[in-house]
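Examination of the molecular architecture
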Amino acid sequence: MLEPLRQGLPPLDPAAVSNAASCALPARYEAVREARQFTRRTLDQWDIGDRFDDVCLVVSELVTNALRHGLPTSNGHAPEQIPPVRLHLMRWTERLVCAVRDPSHDSPVARDSEDDFSAESGRGLFLVDSFADSWGWHPLAGTLNGKVVWALFRLQSAE
């Protein structure tokens, strides 16, 4: 189990966000492709498409984890919730944050680095840690239920 992580996320004033976009994702694995397409369009609009490969890999892993581990199941099918998973992209001048919200209160579980790297699954958080500048998670409060897992990318300053 990982404790809620906020370290590594520099103070980011929500009022200073220069761009923000989000999309609801259905409770099916095709949503990973939809998340990549949404990320591509958004980064292209923000003129930071050159970061797509790293950001896309991280978004794919975060959304896959949310679908695989963040949804309650009943007879193998996730119950209808609106929206079960949501992807948020927020850009500050020199930072991009990708955040994926899901309804689970369970903390993300990172595999031990000594685990078998030839396994077909289980390396998602290792990849997030490798490609993002920092990442973490925190439980939601108030009327929102579940948690948010986020990844931060530092962007080149536009000089």
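See the structure shown above.
One structure accompanies this document, and this report is about it.

Cut-offs and rules
Residues numbered from 1 in each chain as written. Predicted model: local features only at pLDDT ≥ 70, side-chain atom pairs only at ≥ 80, totals over all residues. Heavy atoms only, no water. Pairing = 2+ DSSP bridges. Helix = DSSP H or I, 4+ residues; strand = E, 2+ residues; numbered from the N terminus. Axes fitted to C-alpha atoms, helices over the stretch in contact; angles between N-to-C directions. Salt bridge = Lys/Arg side-chain N within 4 Å of Asp/Glu carboxyl O. Buried < 20%, exposed > 50% of the residue type's maximum accessible area, 1.4 Å probe, protein only. Expected span 1.5 Å × (residues − 1). Contact = heavy atoms within 4.5 Å. Phe/Tyr/Trp six-rings, centres within 6.5 Å; stacked < 30°, edge-to-face > 60°. Lys NZ or Arg CZ within 6 Å of the ring centre and 35° of its normal. Parallel < 35°, antiparallel > 145°, perpendicular 65-115°, else oblique. Left-handed = near helix turned anticlockwise from the far one by under 90°. Nonpolar A, V, L, I, M, F, W, Y, C, P; charged D, E, K, R; others polar.

Some points on the sheet that holds strand S5 (residues 147-154)
Strand order in the open sheet made by the five strands is S1-S2-S3-S5-S4, with antiparallel pairing throughout. Looking at strand neighbours, the two that pair on one side only are strand S1 (19-25) and strand S4 (134-139), the edges of this open sheet. Neighbouring strand axes in the sheet, compared pairwise and without regard to direction, differ in orientation by 15° on average. Sheet topology places strand S2 (residues 85-91) next to strand S3 (residues 95-102); six bridges connect them, and they run antiparallel. In the sheet register, histidine 88 faces S3, and the bridge partner there is alanine 99.

Digging into the pattern of salt bridges
Should the charged atoms of two oppositely charged side chains come close, the side chains can pair. As enumerated under the stated definition, the model contains five salt bridges in all. Here glutamate 34 and arginine 28 are joined by a salt bridge, their closest N and O atoms 3.1 Å apart. For arginine 28, a relative accessible area of 41% corresponds to the partly exposed category. Between aspartate 54 and arginine 51 there is a salt bridge, with its nearest N and O atoms 3.8 Å apart. When its relative accessible area of 27% is taken as the criterion, aspartate 54 is described as partly exposed. Residues joined by salt bridges that share partners form a network here, namely Arg28, Glu30 and Glu34.

Overview of helix H1 (residues 30-45)
Along its 16 residues, H1 runs 23 Å from first to last C-alpha, staying within 8% of the 22 Å computed at 1.5 Å per residue. Buried-residue contacts for H1 involve S1, helix H2 (52-69), S2 and S3. Within two residues after H1, aspartate 47 carries a phi angle of roughly 60°, on the positive side.

Brief notes about the environment of leucine 25
Mapped onto the elements of the fold, leucine 25 is located in strand S1. For leucine 25, a relative accessible area of 2% puts it in the buried group. The spatial distance from the C-alpha of leucine 25 to the C-alpha of proline 84 is 6.9 Å, given a sequence separation of 59 residues. Apart from the residues lying within four places of it in its own chain, the contact partners of leucine 25 are Ala31, Glu34, Ala35, Val63, Pro84, Val85 and Leu87.

A look at the packing of aromatic side chains
Considering all chains together, one arrives at zero aromatic pairs under this definition. We note arginine 40 situated over the ring of phenylalanine 52; from NZ or CZ to the ring centre the distance is 3.7 Å.

What about the packing of H2 against helix H3 (residues 124-131)?
Running from N to C, H2 and H3 cross one another at 150°; their axes reach a closest spacing of 9 Å. In terms of orientation, H2 lies roughly antiparallel with respect to H3. As H2 runs across H3, the sense of the crossing is left-handed. In this structure, H2 uses Asp54, Leu57, Val58, Glu61, Leu62 and Asn65 to contact H3, whose residues at the interface are Gly124, Leu125, Leu127, Val128 and Phe131. By residue class, the composition of the contact of H2 with H3 is seven nonpolar, two polar and two charged.

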